[in-house]
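# A structural walkthrough
Take a look at the letters that make up each chain.
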Amino acid sequence: MLNIENLHVSVVDKPILKGINLQVKPGEIHAIMGPNGSGKSTLSHVLSGKSGYTVTQGQVTYEGKDLTEMAPEIRAREGVFLAFQYPVEIPGVSNIYLLKAALNSIRKHHGLSEVDAMDFLTLIKEKVRLLEMDERFLYRAVNEGFSGGEKKRNEILQMAVLEPKLCILDETDSGLDIDALKVVAEGVNSIRSPERSFVMITHYQRLLDYIKPDFVHVLAHGQIVKSGGPELALELEEKGYSWVENKQAA
Amino acid sequence: MTTQTASRYTAEYSKIEAKLPGGSLPWLLELRNDALKQFSGRGFPSLREEEWRYTNVSSIEKNLFEPRLEPSDQQIDKDWLKNYCLADCWQIVLVDGYYSAELSNLAGIPKNVTIKSLNELLDADAEQVESYFGKAVSIDEHSFVAFNTAWFGDGAFIRIPAKTLLDKPVQLLHVVTDPNRLAATRNLVIAESMAQAQMIETYVGVDQAYLSAAVTEVFVEPNADLTMFKLQCESEKAYHFGGTYVKQSRDARFSHHNFAFGSLLARSDIHVDLGHASECNLNGLYLGIKRQHLDNHTRINHLEPYAVSREVYKGVLDDRARGVFQGRVVVAEDAQKTDSEMNNRNLLLSNDAEVDTKPQLEIYADDVKCAHGVTVGQLDEKSVFYLQSRCVDEETARNMLTFAFANEMVTKIKQKSLHDLVLAEVLKRFPQRGITQDWL
Ligand SMILES: Nc1ncnc2c1ncn2[C@@H]1O[C@H](COP(=O)(O)OP(=O)(O)OP(=O)(O)O)[C@@H](O)[C@H]1O
Ligand SMILES: [Mg+2]
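Keep in mind that what you see is a predicted model, and the values were worked out from it rather than measured. (Residues numbered from 1 in each chain as written. Chains lettered and ligands numbered in written order. Predicted model: local features only at pLDDT ≥ 70, side-chain atom pairs only at ≥ 80, totals over all residues. Heavy atoms only, no water.)

## Focus: the overall build of chain B
The cut-off we apply is this: Helix and strand definitions follow DSSP, with helices as H or I runs of at least four residues and strands as E runs of at least two, each counted in order from the N terminus. We take the radius of gyration over the C-alpha atoms and set the globule estimate at 2.2 Å times the residue count to the 0.38 power. Per-residue accessibility, obtained with a 1.4 Å probe over protein chains only, is compared with the maximum for each type, and a residue is labelled buried under 20%, exposed over 50%, and partly exposed between these values. Any two residues having at least one pair of non-hydrogen atoms within 4.5 Å are treated as being in contact.
Scanning chain B from N- to C-terminus turns up ten helices and 19 strands. Computed over its C-alpha atoms, the radius of gyration of chain B comes to 21 Å, within 12% of the 22 Å expected for a compact globule of 440 residues. If you line up chain B on its principal axes, its C-alpha atoms span 70 × 50 × 50 Å. Taken across its 440 residues, chain B has 60% of its residues classed as buried. For chain B, the proportion of contacts with a sequence separation of at least 24, taken over those separated by at least 6, is 85%.

This is the structure:
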C-alpha cells in the first residue's frame with residue numbers, strides 16, 4: 001500500500017529525514033516511536049503533502065502511484081488521512097460542514113453522487129456516539145475553543161467518517177486522559193479492516209496496549225534505526241531511546 | 001483649490017439656504033451660519049490633515065452634488081427596496097434625505113417613544129431638538145460635519161424614554177433615488193437612563209453617483225443600553241460620508257456594528273466619549289472590491305475612570321480596492337482603571353489591493369490596561385493545508401477561510417432578518433468565489 005524508499009527530506013536546506021525505508025501492507029499497523037525532533041511529524045507531513053518540504057532523494061509510492069506528485073487534497077481523496085499532532089482551529093467553518101464537504105469530495109473523486117442528507121446525518125451521529133462526543137460539537141467551528149483532548153477526538157471522528165485506507169496518527173494519544181484514550185482506541189479499532197493500514201506515531205506504550213501494532217519502528221535523527229515487533233515498544237519504555245541510538249552509533 | 005470647489009458649493013447652496021428647515025429658529029440659523037463659515041474657510045478635507053491622509057476626497061469636487069428641498073419624484077423600485085426593509089422592525093425611511101411617511105412604518109410604537117422626522121419636531125417642539133443638536137459633535141470636528149450642519153435637509157429623531165425597553169429594533173433607512181443628488185441627513189438618537197434599545201442604520205441608493213452625508217448624534221444616558229448597526233450598502237458609484245458621534249453617560253452600554261460594503265468612496269467616523277464605568281464595543285467589517293475606497297475612523301475617548309472599551313475591525317480587500325483603518329484611543333488623565341483593547345485585522349486577496357492601518361493610543365493616565373494589535377496579511381497557510389488534508393481543494397479552502405474571516409463579524413448579529421441581510425450582502429460581494437451559505 002505504502003512504500004517509502006530511501007526518503008531524504010529537507011526543510012529550507014536543512015536535512016531532516018535522511019534515508020527512510022518503510023513498507024506498509026494492507027491491514028498492517030505500524031507504530032513509529034522516537035525522540036523529540038527526530039522527524040516523525042515531518043514524515044507525516046511529507047506523506048500528506050504539506051508544502052515547505054523538499055524531497056531531495058528517494059521515493060514514496062502509494063498504491064503504486066507516486067505520492068509526492070499529488071496535491072494534498074488528491075491524496076486525501078485517494079484515502080490518505082493524517083490525524084494531526086496539533087489540529088488547526090478554523091473559526092467560521094462548522095465541523096459538520098467540513099465533514100460533509102470532505103465526504104462529498106471523496107465521493108465525487110470516485111464518481112459517486114453526493115451523500116443523501118439523511119444518510120449523512122445517520123452516519124455522522126453513529127460515529128459521534130462511537131467516540132462518545134456531544135452532538136453539539138458538530139455545529140461548532142472546527143476545533144475552535146476545543147480542549148486538547150477534544151481536538152484529538154475530533155480528528156478521529158473525521159477519520160471514522162471518511163474511512164481512509166491509510167491512517168497516519170501523529171501523537172493522537174498525547175493530551176488524552178485515560179478514559180479518552182480508551183474511547184479513541186476503540187474508535188480506531190472499530191474501523192480496522194484487512195484493507196486499512198495504520199501508521200501510529202506515539203511516545204507511549206499505553207496506546208499500543210489498546211491497539212496492538214504489527215511492527216514497531218524507532219526513528220532517530222531522521223532515520224529508522226531499529227524495527228521489531230510489539231515487544232520492541234516495551235523494551236524502549238524500559239531502556240529509553242538512548243539504548244537504540246547508541247546501538248546505532250556503535 | 002479645495003476652497004475653490006467649496007465656494008462653488010457655497011454659492012449653489014446659498015440659493016436654498018433660506019428655505020432649509022429651522023429657518024425661523026435663531027439658534028439653528030446661527031449654527032448653520034457658523035458651519036457655513038467653517039466650511040467655506042476650510043473646504044473639503046485635504047490629504048495634509050492627519051485624519052484624512054489616506055483618503056483623497058478630490059473626486060467629489062469634480063461634481064457638484066445638488067441640494068434640494070424635497071425628495072425627487074422618481075418612482076422607487078419598491079421590490080428592490082423591500083430587500084432592505086427588515087421584518088420585525090419599526091421603520092423610519094428617509095428618501096433623498098427627507099422623511100417619507102408613506103414608506104415608514106411606525107404603527108404601534110409605544111406612546112412614550114418618539115420616532116419622528118427631525119423637521120416635524122423642529123416645527124412642533126424645537127426645544128427638544130435644541131437640547132441635543134450639536135452636543136455630541138461640533139462643527140470644528142471636520143469639514144463634513146460643518147458641511148452637514150450647514151445643509152442638512154431632514155433626519156430622524158429617536159428618543160427612548162427612561163426605563164423603557166423597546167422590544168423591536170428601529171430601522172433608519174436612507175434611500176437615495178436621484179443621480180447627482182446630495183442627501184444630507186442629521187439624526188439624533190437618545191436612549192434615556194436605563195432604557196434599552198436597538199437601532200439599525202441602513203444606507204442604500206440607485207446605481208448612480210450621489211453624495212450621502214450623514215451625521216448621527218447619539219446619547220446613551222446613565223445605565224442605558226443601546227446597540228446600533230450601520231449597514232452601508234450605497235451604490236458602487238456613490239460617495240458616502242457618515243459620522244456617528246456618541247456620548248455615553250455613567251454606566252451606559254453601547255455596541256456598534258459597522259458594515260461598510262458599498263460606495264465608490266466611503267468614509268465612516270465613529271466617535272465615542274465614555275463616562276464613568278461605561279462600556280463600549282465597536283465592531284466593524286469592511287469589504288472592498290473593484291476600485292472601492294473604504295475609510296474607517298474610530299475614536300474612543302476615555303474621559304472618566306473605570307470605563308471599558310473593546311474594538312474589533314476586520315477588512316477584506318480584493319481587486320484594486322483600498323481600505324483604511326485609523327483607530328484612536330485617548331485615555332484622559334482622570335480616566336484611571338481604563339480597560340481598552342483594539343484590534344484591526346486585514347486580509348488582502350489580490351496584489352493590487354491595499355490597506356493602511358494606524359492604531360493610535362494616547363494615554364495620559366497611569367493606571368490603565370490598554371492593548372492594541374494589527375495584522376495585515378494573507379490567509380494562514382496552516383489552515384489552508386488542514387482543509388486540503390480534509391479533501392478540500394486549495395481554491396475552495398482559501399475561499400472558505402476568507403469567508404469565515406468575514407463571517408465572524410456577521411455571526412455577532414442576533415436579529416435574524418438583519419443577520420440574513422448582511423450575510424446576503426457579504427455573499428454578493430464575492431460571487432466568483434463560489435461561497436455558499438451551508439459553510440456556516
Ligand atoms: N519549518 C521548519 N523549519 C526549520 N526546522 C524545522 C521545520 N519543521 C521542522 N523542523 C525541524 O525538524 C526536526 C524534526 O521535527 P519534527 O516535528 O518532525 O519532530 P518530531 O519527531 O515530530 O518531534 P516531536 O516528538 O516533538 O513531535 C526538528 O528539529 C524541527 O525543529
Ligand atoms: Mg511531532
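Continuing now.
## A short note on the interface of chain A and chain B
To be explicit about the condition: Computed with a 1.4 Å rolling probe, the buried area is the accessible surface lost when two parts are put together, summed over both parts. Every case where a carboxyl oxygen of Asp or Glu lies within 4 Å of a side-chain nitrogen of Lys or Arg is listed as a salt bridge. Gly is placed with the polar residues, together with every amino acid not listed as nonpolar (Ala, Val, Leu, Ile, Met, Phe, Trp, Tyr, Cys and Pro) or charged (Asp, Glu, Lys and Arg).
Facing 28 residues of chain A, the contacting portion of chain B comprises 20 residues. Overall, the association of chain A and chain B removes approximately 2000 Å² of surface from exposure, summing both partners, and the carbon and sulfur fraction of that is 67%. One can count one salt bridge joining chain A with chain B. Residue composition of the side of chain A that touches chain B, by class: 16 nonpolar, seven polar and five charged.

## Describing the pattern of salt bridges
Residues and elements named next belong to chain B. Inspection of the entire model under this criterion finds 42 salt bridges over all chains. The partner of R186 in a salt bridge is E217, with the nearest N and O atoms 2.9 Å apart. You can see R186 sitting in strand β6 (residues 182-191) and its partner E217 sitting in strand β8 (residues 211-220), a full 31 residues away along the chain. Under the relative-accessibility criterion, R186 is labelled buried at 1%. Assessed through its relative accessible area of 0%, E217 is described here as buried. When salt bridges that share partners are traced, they join E51, E141, R299, R328 and E362 into one network.

## Focus on unusual backbone geometry
Glycine aside, residues mostly have negative phi, and peptide bonds are mostly found in the trans state. In this structure, N143(A) is a non-glycine residue whose phi angle is positive, near 60°. Among the structural elements, N143(A) can be located in the loop between β8 (141-142) and α5 (148-162). In this structure N143(A) comes out as buried when scored by relative accessible area, which is 0%. The backbone of N180(B) shows a phi angle near 60°, a positive value even though the residue is not glycine. Tracing the chain through its elements places N180(B) in the loop between β5 (170-176) and β6. Here N180(B) falls in the partly exposed class, since its relative accessible area comes to 34%.

## What about the site of ligand 1?
All names here are of chain A. Which entries qualify depends on this criterion: Proximity is defined per residue: if any heavy atom of the residue lies within 4 Å of a molecule or strand, that residue is considered near it. Residues adjacent in sequence count toward polar contacts only when both atoms are side-chain atoms; beyond that, a polar contact is any pair of N or O atoms within 3.5 Å, and within protein one must be able to donate a hydrogen and the other to accept it. Residue exposure ignores everything except the shown protein chains as possible cover, and the areas themselves are Shrake-Rupley values with a 1.4 Å probe.
Near ligand 1 lie 14 residues; those nearest to it are I16, G37, K40, S41 and T42. One of the backbone N or O atoms of G37 is found 2.9 Å from an oxygen atom in ligand 1. Contacts to ligand 1 include T42, whose side-chain N or O atom sits 2.5 Å from an oxygen atom. Contact with the protein chains covers 63% of the free accessible surface of ligand 1, which is 640 Å². Of all elements in the fold, only β2 (14-24) and α1 (40-48) reach the threshold of two or more residues within the shell around ligand 1. Among the elements that line the shell around ligand 1, the one with the most residues is α1, at three residues.

## So, the environment of R310(B)
Residue and element names in this part refer to chain B. When you line up the elements, R310 lands in strand β15 (residues 308-317). Overall, R310 belongs to the partly exposed group, its relative accessible area being 25%. In this structure, the C-alpha to C-alpha distance between R310 and N283, residues 27 residues apart in sequence, is 8.3 Å. With residues up to four places along the chain from it excluded, the contact list for R310 reads C280, N281, L282, D339, S340 and E341. Polar contacts involving the side chain of R310 include one to the side chain of D339, which spans 3.1 Å.

## Some details on the packing of aromatic side chains
Put simply, the rule reads: The aromatic pairing rule takes the rings of Phe, Tyr and Trp, using the six-membered ring of Trp, and pairs them if the centres are within 6.5 Å, calling planes under 30 degrees apart stacked, those over 60 edge-to-face and the rest tilted. Note on geometry: a ring has a charge over it if NZ (lysine) or CZ (arginine) is within 6 Å of the ring centre and within 35 degrees of the ring normal.
In total, this model carries 22 aromatic pairs over all chains according to the counting rule given. Taking 4.9 Å as the distance between ring centres and 80° as the angle between the ring planes, the aromatic pair formed by F137(A) and F146(A) counts as edge-to-face. Grouping residues by exposure puts F137(A) and F146(A) together as buried. Aromatic side chains F144(B) and F241(B) sit 3.9 Å apart centroid to centroid with 10° between the ring planes, which places their arrangement in the stacked category. With F144(B) in helix α7 (residues 143-151) and F241(B) in strand β10 (residues 239-248), the pair connects residues that are 97 residues apart, well separated along the chain. Classification of F144(B) by relative accessible area gives buried; the value is 4%. Residue class for F241(B) comes out buried when judged on its relative accessible area of 4%. Directly above the aromatic system of F152(B) lies the positively charged group of R32(B), at a separation of 3.9 Å from the ring centroid. A cation over an aromatic ring shows up here: K314(B) above the ring of F405(B), its NZ or CZ 4.2 Å from the ring centre.

## Re the nonpolar core
Soluble globular proteins tend to bury their nonpolar side chains together. The criterion, for reference: As used here, the term nonpolar core means buried Ala, Val, Leu, Ile, Met, Phe, Trp, Tyr and Cys residues forming a set that is joined through side-chain atoms within 4.5 Å. A domain assignment, automatic or from a database, supplies the domain bounds used here.
With 77 residues, the main nonpolar core has I4(A), L7(A), F259(B), F261(B), L285(B) and V422(B) as its most contacted residues. The element contributing the most residues to this core is helix α9 (residues 394-410) of chain B, with nine residues. Among the domains, domain 1 (2-274) and domain 2 (380-440) of chain B are the pair contributing at least three residues each to this core. Counting 52 residues, the second-largest nonpolar core is a separate cluster that includes F81(A), F120(A), L138(A) and L181(A).

## Some details on helix α8 (residues 231-239) of chain A
All names here are of chain A. For clarity, the cut-off: Along the arc lie the directions from the helix axis toward the C-beta atoms.
Within the span of α8, buried status applies to L232, A233 and L236. Seen end-on, α8 carries its buried residues on one side only, within an arc spanning 100°. Count one or two residues on from α8 and you reach G240, which has phi positive near 80°.

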